[in-house]
Amino acid sequence: MERVNIRQRVGALALVGLLVGAGSALAQQTAVSGRVTDSTSRQPIVAAQVFVGGTTLRTLTDQQGRFHFDNVPPGAVTVRVAFIGYKAQVKTVTAQPGAPATVDFALLFAPIGLDAVVVTATGPQMQREQGNAIHTVDAAAVVSKAPVTNMADMLNSRAPGMVVQEAGGTTGSGTRTRIRGSNSLSLSNEPVLYVDGIRVENGASSSSIGVGGQVPSRLNDLNPNDVEAVEVAGGPSAGALFGTDAANGVISFRTRQGKPGPTRWEAYASGGTITDNYTYPTNYRGIDLDSTWLATHANNPTCTLVTTVRPVSPCTQDSVRQFNPLETNSPFRNGSRQEYGLSASGGTEQTTYYVSSHYSNELGVYPINTNRQISVLANLHQQASAKVDFSAHAAYTSGKLRLPQNDNNSFGVLSSGYLGRADTINSGFGFLLPSQSFTVRTFQTIDRFTGSGQVNYRPAEWLTMHGVAGVDFTSRYDENSILPGNIPASFSSNANAGSRNANPFQLYNWTTNFDATAAFVLTPQIKSQTTVGLQYFKNVLHGVTASTQTLTAGTNSLAGGVLPTVSEQTAPVVTLGRYAEERLAYNDRVYITGAVRDDKNTAFGVKFGSILYPKVAGSWVISEEPFFPKTAKLSTLRLRAAWGESGVRPGVTDALQFFNGAPWLVGATDIPGITIASLGNPNLKPETTHETELGFEADVLSEAVHLDFAYYNKASRDALIARTLAPSLGGPTTRFENLGRVSNKGVEISSSWRALTTHEVSVNVTATAWGNRNRLVELGTGISPIIFGLGGASQRFQRGFALGSYFMVPYTFSDANADGIIDTSEVKLGSAPVFLGQPFPDHGGTLALDVTLRAHLRLYALLDGRFGNKLFNSTEQFRCGLANCRGINDKTAPLADQAAAAGNLKGTQAGYIEDGSFTKLREVSITYFAPDAWAQRFGARELSFSIAGRNLATWTKYKGIDPELNEAGQSNFITADFLTQPPVRYFIGRVNVTF
Amino acid sequence: MMHFRSRFAAALARVFDRAGRELALLVAVAALAPACHILDVTNPDIVTPGSISNVQALPTIRAGALGDFAIAYTGSGAQGSGGSTEGQVLLSGMLSDELINTETFPDRVFSDARRSQPESGTLAVVFRNLHRARRSADVAAARFRLFSDTTTNVGLAEMLNLNAYTYVFFAENYCSGLTFSNVLDDGSFVYGDPLPTQQVYDTAIARFRIALAAASALAGSGAARATQIQLARVGMARALLDEGNFAAADTVVTVAAVPNTFSYVTQHDLNSARQQNGIFNGIRKFKRYGVADGEGGVGIKWLTQADARNPAFNSPAGNKGFDGSTLQWDQNRYLDEKASVTVATGAEARLINAEAALQRGDTAGMLTILNALRAAPPSYYLANGAAIAPLAALAAPVGPVAAVNMLFSERAHWLWLTSHRLSDLRRLERQYGRPDSTTFPTGAYFKNGLTYGTDVNLPIPIDELNNPKFTACIDRNP
């Protein structure tokens, strides 16, 4: 009976609405205006965001801090003002037709607040509405105080739960980014990137030329100086509406926008040094001076400590040769970095602009390692009318990077030194001299354009339509040349003859997104916003790889070669998503969000249709409830919870059965042939990850401390596993199947403490802590552990353990004969490989200190700690395997080192799985803000100087060079220190001038 | 509650009122958009099964099978840091006394030291490539049956022969307990049970018989037909020899059936890295393997003997292998990346005849056959077709041990770097009762502080554990 009544009422009201029409509603509207100022200085705040509750109305304050709304529904109106760095304010005014209201705001400084605006899949929303944590990085503030040389530096150690792993110290190389752990065994675990609403390329290991280890990622094409804020959405609960691929998290970049006012010119110049600050290990060789022994070991005159394995030809060690080629004949130089930038911004209330240009040139510590980038950016925003505004974004980056031969590479400099000699022959280098290695010319040239346009149309105060379309296009040219005669024929006749690779690639990302949001007041207490939308995303990689051997002397072109080969690759992927979201707000204190997205993707199997990603979230600002006690100890408390799903698509061709073209010589002619490439899987579907998140935010101790806590429980089901196939099937190595389940549970804690605020001194301390428990819950019935890693068998996907864990045969040792030497007979191996640790840290934290003295001097330092992980020190393991290390040659070496070396000879590298935990002093800076009088002498408004250092100190138990090394660079899981160039130290000075 | 619902209903009415046509249009667009072909993409780089299911595709299918077989046998041109260059010739040669390891990769060092690890990435790739070649030939044979005139097209017989040869390599070079699985047309897997080595040989022989029948059924008497018949005969005789069925092997490869001039080779080219001769690359180009000389105290002194059939050099003098410490002796049988590699030859047929004679106690007959071969070295022996000068006749061996030594020495030299030596060493232990210490390298390994282990064959890589019917080698016997 009740149900009938409701229907009748709905029908009646709808009919009334239709009859009355929208015109009458508009006729009853009114206006609200006001001014926003800083509570302390009383100066206007320009470009503060102003919202009218229960509507989609929003605007920015002008250069006098003023705002004005037309078309406001009459009655009690809630106006909310937010500006980054200030505590948001909400005021309610009553406006009636013919009697517009005025309301002014004086904002209090607060670095973090509930009313910060964050970008979501359905557009900008306030932090207080979010049921999940979205960590915002104030990029402009970071750039002003930290030695940020690229976007990875900008992200590194800024948000709890986001782990940016440097792999080495090569200028221009990329990093590995994980948010809330690794979800997928076989697919990328890198987060998705958005810039001003469009998705952009984030290819890891973005190069077709192998240099042994460190290669670029496209993340660093983005210039940190042009970014206003970075928002990190952790997992599926936050990223559900971003759709397929968002399970690994979403990082959204908002580039800088102009503010109303006269043109503001900002210029900076920075420069500094880059140094290698490590002590490299010495090469050892035990020698038996007995002439008979030497004669029988002419090939390899090494008499190690391990003598019992040489029963036929034992030796007696007479001496141990030592030489350190990397210290004695250091291949490194003091590198340098210089960067210059100029930007202009300003505009009117209707039109704002921001244009910038930057130039940077970094010379790494290898004499040939250079990276030059030029970027320009233009942002335009036009408020065409009260109902329509649009903005355009265009950015172009040009870069040229030269990479050295590194890591797992016989042409590498460090490999030649680490595995070199214990004498001065060939200057102690085992393979190439550094000068010879430096003749290999490996370049990557980038031309990247990102362009987008956005339109907001508000046909009524309750309806906003938003459209964005854009393209991110990268032209990437990878080339590698070895000129004839540069590499000795005795090392490689092939290289001596010369070779060249020239590989042009094009990477396209098209994004089109359209959504409409309707906002209305259900009751005086309940407001609603409903969004429906459609997103189209297309990613295409196209590349041609061409190479030739035996170059003609004097040429450096494919045309000069005599053995050309060519290949081509194309990888198109399209995602089409539909989504809807309903957000309900109760008294602007309780927020409930329900959403769903439906995706189709070209990479799904033919038998699979579409995938549905749901989401529900709630947020309760309980401290604003009347019943909540108002105390200085706890002034703000927000509780939140969210649950959502997202996914990761398979690879472009993973679902297909196909062959690759493979020509073969038959008789006298090469004819087209084929070889099986994929067995396909018609049932392939996306890997889905669902996440539950609980958390709270609180301001305590008279708002001196802001706390943010999040707990998440994330589980991937139908995990896409490149299942290793039994070789006896006669097919490819793997086939993608939806088999496994992966669990990630963890906490993220961040806090900021305004420890001291006086006119003379302010001290702010920011601390974060995080923990992540990653486990492979299920690998699939009948699937044996997947074994991989450096050397082929060092890491595993094994049920019950963290993804990529190290497994090796354990050993024990004892100096049974008490001779101070551990021989192989004194090392006992276990029967089977056992778990030895995981390659990713499982907890960590940061501590940042920001001290300002008399408003002119700022000191800043950032400590970063990561713990709970192991690292395969394959550098030392390999050196010992080649009888080059101390542990196998020097009887004064610790017994544990000797045992590790002996165990290595017996077939286990367990002795080289070492504690990879560390604490690093990442950044330190000192900035001087010159008095206005100084600036005015140059006709400027502001002037500041800073000196900053990066990678200044490391505390670790790791025995190798540095615990952050990874020879596999940005590889999904493979992690090992193997002849890897360690991170370098930066000292950079910077001058900022504003006109 | 009632009050709330009423207000909610009113609000809904306002929504429908105000959203009006805009929302309706948007919803319609969102609902209809996926129905179009917006998701259609094309990938021009791949070959789908449907595009090769016709008679026109048979040359392509054949070329594919030939390529897969050649890669399994000789390796490819990709540098072997990932273990992708080796084939049966290099791995079996290293485990035997033909080659030594001259590089740094531990898993291959361990293989050379007769301590192969089932976890070895190199072993996995080589093993997988051999199975790929087996299945590729099997699938190709099925296509030839389906689409070709098998009375005129030699393709069926050739594919059957290649398929059978893969079984020979499996049995000769790997431990007992091999499995042979299959993928059905619907993509489902049929896993094979572990087979004792004897059954693998039996399978090879049975498949050679089918190949022989297919070749014999071809019309006419062309060279292609003869080649396939002779290939089937040499392969079958080789497997029979492995089984110890010397007399049967002898009758399969009589001089009339398989003349000295017969040879079947894998072809290679510089057109792509994949097509290159992996033996040349692994030894001369990348210097990861070198010619041994009396390896482990009992190996043949390939360098010292300086036999014309086994040309090797160290140039420039003192040249080191990839490890920077081991003298690099390069083979000079396969002169470049394009060099062909013999799979089966008339010379091998004669050696089988000679061994059958030895088994009959006809040492003189054996010597006659061996000396006849030495007197007229076949022109295909060196890949570039260069002639080998006639070799001096061998003196009659004194006693049965010497006779066996002579036969296997001659086999070693004639069949150098063709994946025969490992099987011969195993046969010396299995069929002739030679102790391991006088057959395989033993004692101190020459680097890394290792001693030689006891391997006489390669283990089945751990990847095969993904076959639920496989657990481990049945045995590692010779």
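Being a predicted model, the structure only gives us computed values, none of them experimental. (Residues numbered from 1 in each chain as written. Chains lettered and ligands numbered in written order. Predicted model: local features only at pLDDT ≥ 70, side-chain atom pairs only at ≥ 80, totals over all residues.)

## Quick word on the overall build of chain A
Secondary structure summary: chain A contains 13 helices and 54 strands in total. Relative to the compact-globule value of 30 Å for 995 residues, chain A shows a C-alpha radius of gyration of 31 Å, a close match. Projected onto the principal axes, the alpha-carbon positions of chain A cover approximately 110 × 70 × 60 Å. Burial analysis of chain A (995 residues in total) assigns 54% to the buried set. For chain A, the proportion of contacts with a sequence separation of at least 24, taken over those separated by at least 6, is 70%. (Helix = DSSP H or I, 4+ residues; strand = E, 2+ residues; numbered from the N terminus. Rg over C-alpha atoms; globule rule 2.2 N^0.38 Å. Buried ≥ 20, exposed ≤ 12 C-beta atoms within 10 Å, placed from the backbone. Contact = placed C-beta atoms within 7 Å.)

## A look at the overall build of chain B
Looking only at helices and strands, one finds 15 helices and nine strands in chain B. Over its C-alpha atoms, taken along the principal directions, chain B stretches across nearly 115 × 60 × 45 Å. Of the contacts formed within chain B by residues at least 6 apart in sequence, a portion of 69% connects residues at least 24 apart.

## Section: the packing of helix α12 (residues 346-359) of chain B against helix α14 (residues 399-414) of chain B
All names here are of chain B. Where α12 meets α14, the axes come as close as 11 Å, and the angle between the chain directions of the two elements is 170 degrees. Between α12 and α14, the crossing angle belongs to the class labelled roughly antiparallel. Two secondary-structure elements touch here, α12 through Ala347, Leu351, Ala354, Glu355 and Leu358 and α14 through Ala403, Val404, Leu407, Glu410, Arg411 and Trp414. Per-class residue counts for the contact of α12 with α14 are eight nonpolar, no polar and three charged. (Axes fitted to C-alpha atoms, helices over the stretch in contact; angles between N-to-C directions. Parallel < 35°, antiparallel > 145°, perpendicular 65-115°, else oblique. Nonpolar A, V, L, I, M, F, W, Y, C, P; charged D, E, K, R; others polar.)

## Some remarks on unusual backbone geometry
Ser315(B) connects to Pro316(B) through a cis peptide bond whose omega is -10 degrees. By the secondary structure assignment, Pro316(B) is in the loop between β7 (312-313) and β8 (330-331). Located in the positive-phi region is Glu703(A), a residue other than glycine, with phi close to 65 degrees. As for its placement among the helices and strands, Glu703(A) is situated in the loop between β38 (687-700) and β39 (705-724). Its identity is not glycine, yet Ala818(A) carries a phi of approximately 55 degrees, on the positive side. Inspection of the secondary structure assignment puts Ala818(A) in the loop between β45 (811-813) and β46 (827-829).

## Observations regarding the sheet that holds strand β43 (residues 795-797) of chain A
Residues and elements named next belong to chain A. Here we have four strands laid out as an open sheet, ordered β42-β43-β44-β47, and antiparallel in their pairing. Unpaired on one side and paired on the other, β42 (786-788) and β47 (834-837) mark the two borders of the sheet. Going from strand to strand, the sheet's axes swing by 45 degrees on average, the running direction of each strand aside. Bridging between strand β44 (residues 805-808) and β47 involves three bridges; their strand directions are antiparallel. Bridge assignment links Tyr806 to a residue of β47, and that residue is Gly837. (Pairing = 2+ DSSP bridges.)

## Some remarks on the confidence of the model for chain B
Residue and element names in this part refer to chain B. Taken residue by residue, chain B gives an average pLDDT of 90. The fraction at 70 or more is 90%. Here residues 8-25 scores under 50 on pLDDT; set against residues more than four positions off or in separate chains, the count is 35 contacts. Under the prediction, the complex receives an ipTM of 0.91, its pTM being 0.85. (pLDDT = per-residue confidence, 0-100.)

## Remarks on the environment of Ser272(B)
Mapped onto the elements of the fold, Ser272(B) is located in the loop between β5 (263-266) and α10 (278-285). As for Ser272(B) and Gly77(B), which are separated by 195 residues in sequence, their C-alpha atoms are 8.0 Å apart. If we skip the residues at most four places from it in the chain, Ser272(B) touches Thr565(A) and Pro663(A).

## As for the environment of Ala516(A)
Turning to its location among the elements, Ala516(A) is positioned in strand β28 (residues 499-521). Distance in space between the C-alpha atoms of Ala516(A) and Ala677(A) is 44 Å, their sequence separation being 161 residues.

## Description of α14(B)
All names here are of chain B. Between the first and last C-alpha of α14 there are 23 Å, a value that for 16 residues agrees with the 22 Å anticipated at 1.5 Å per step. Burial in α14 covers these residues: Ala403, Val404, Met406, Leu407, Phe408, Glu410, Arg411, Ala412 and Trp414. Check the buried side of α14 and you find it contacts α12, α13 (363-375) and α15 (421-430). (Expected span 1.5 Å × (residues − 1).)

## Points about the environment of Arg42(A)
Residues and elements named next belong to chain A. Take Arg42: it is sitting in the loop between β1 (30-38) and β2 (49-52). Look at Arg42 and you get exposed, because 9 C-beta atoms sit within 10 Å. Residues Arg42 and Asn361 lie 319 residues apart in sequence; the distance between their C-alpha atoms is 42 Å.

## Things to note about the nonpolar core
The biggest cluster of nonpolar side chains holds 128 residues, and the ones touching the most others in it are Tyr194(A) and Val230(A). Contacts of Val230(A), omitting those with residues within four sequence positions, involve Val137(A), Ala139(A), Met154(A), Leu155(A), Ile251(A) and Phe253(A). In terms of nonpolar packing, the next biggest core, distinct from the first, is built from 125 residues, Ile100(B), Ala292(B), Ala403(B) and Phe440(B) among them. (Core = buried A, V, L, I, M, F, W, Y, C linked by C-beta atoms within 7 Å.)

## Focus on the pairing of strand β23 (residues 351-363) of chain A
Side-chain positions along a regular strand alternate between the two faces of the sheet. Residue and element names in this part refer to chain A. Bridge count between strand β22 (residues 335-347) and β23: 12 bridges; the pairing is antiparallel. Residue pairing for β23: Glu339 is matched across the bridge by Ser360. Taking the residues that link successive antiparallel strands as the turn, the β22-β23 hairpin has three residues. Bridge count between β23 and strand β24 (residues 370-383): 13 bridges; the pairing is antiparallel.

## As for the confidence of the model for chain A
Caution applies to low-pLDDT regions: their predicted coordinates should not be interpreted in detail. Residues and elements named next belong to chain A. Summing up the model confidence of chain A, the mean pLDDT is 88 and the portion of residues at 70 or higher is 94%. Least confident of the elements in chain A is helix α1 (residues 2-27), whose mean pLDDT is 36; most confident is strand β51 (residues 913-915), at 98. The model gives residues 1-27 a pLDDT under 50, and that stretch makes 21 contacts with residues more than four places away or in other chains. For the stretch residues 308-312, pLDDT sits under 50, and the model shows 14 contacts to residues farther than four places along the chain or on other chains.

## Observations regarding the sheet that holds strand β3 (residues 58-60) of chain A
Residues and elements named next belong to chain A. Taken together, four strands build an open sheet; the order of strands is β3-β2-β5-β7 and the sheet is antiparallel. Of all strands in the sheet, those with a lone pairing partner are β3 and β7 (89-95), marking the two edges. For this sheet, the mean angle separating the axes of adjacent strands, direction not counted, is 25 degrees. Here β2 pairs with strand β5 (residues 75-82) via four bridges, running antiparallel. Residue Val52 lies in a different strand from β5, and its bridge partner there is Val79.

## A closer look at the pairing of strand β32 (residues 611-620) of chain A
All names here are of chain A. Here strand β31 (residues 590-601) runs beside β32; their pairing, made up of 10 bridges, is antiparallel. Residue pairing in the sheet places Asp599 in a bridge with Ile611 of β32. Across six bridges, β32 lies against strand β33 (residues 634-648) in antiparallel orientation. Bridge pairing in β33 places Val616 opposite Trp643.

## Some remarks on helix α3 (residues 88-95) of chain B
A large share of α3(B) lies buried, amounting to eight of its eight residues. Those residues of α3(B) lying buried are Gln88(B), Val89(B), Leu90(B), Leu91(B), Ser92(B), Gly93(B), Met94(B) and Leu95(B).

## Some details on the packing of α12(B) against α13(B)
The description of two helices packed together rests on the angle between their axes and the distance between the axes. Residue and element names in this part refer to chain B. One can describe the packing of α12 onto α13 by two numbers: an axis separation of 7 Å at closest approach and a directional angle of 165 degrees. Relative to α13, α12 is oriented roughly antiparallel. Every pair of crossing elements has a handedness; the one defined by α12 and α13 is left-handed. On the side of α12, the interface is formed by Ala347, Arg350, Asn353, Ala354, Ala357 and Leu358, while α13 contributes Thr363, Gly365, Met366, Ile369, Leu370 and Leu373. (Left-handed = near helix turned anticlockwise from the far one by under 90°.)

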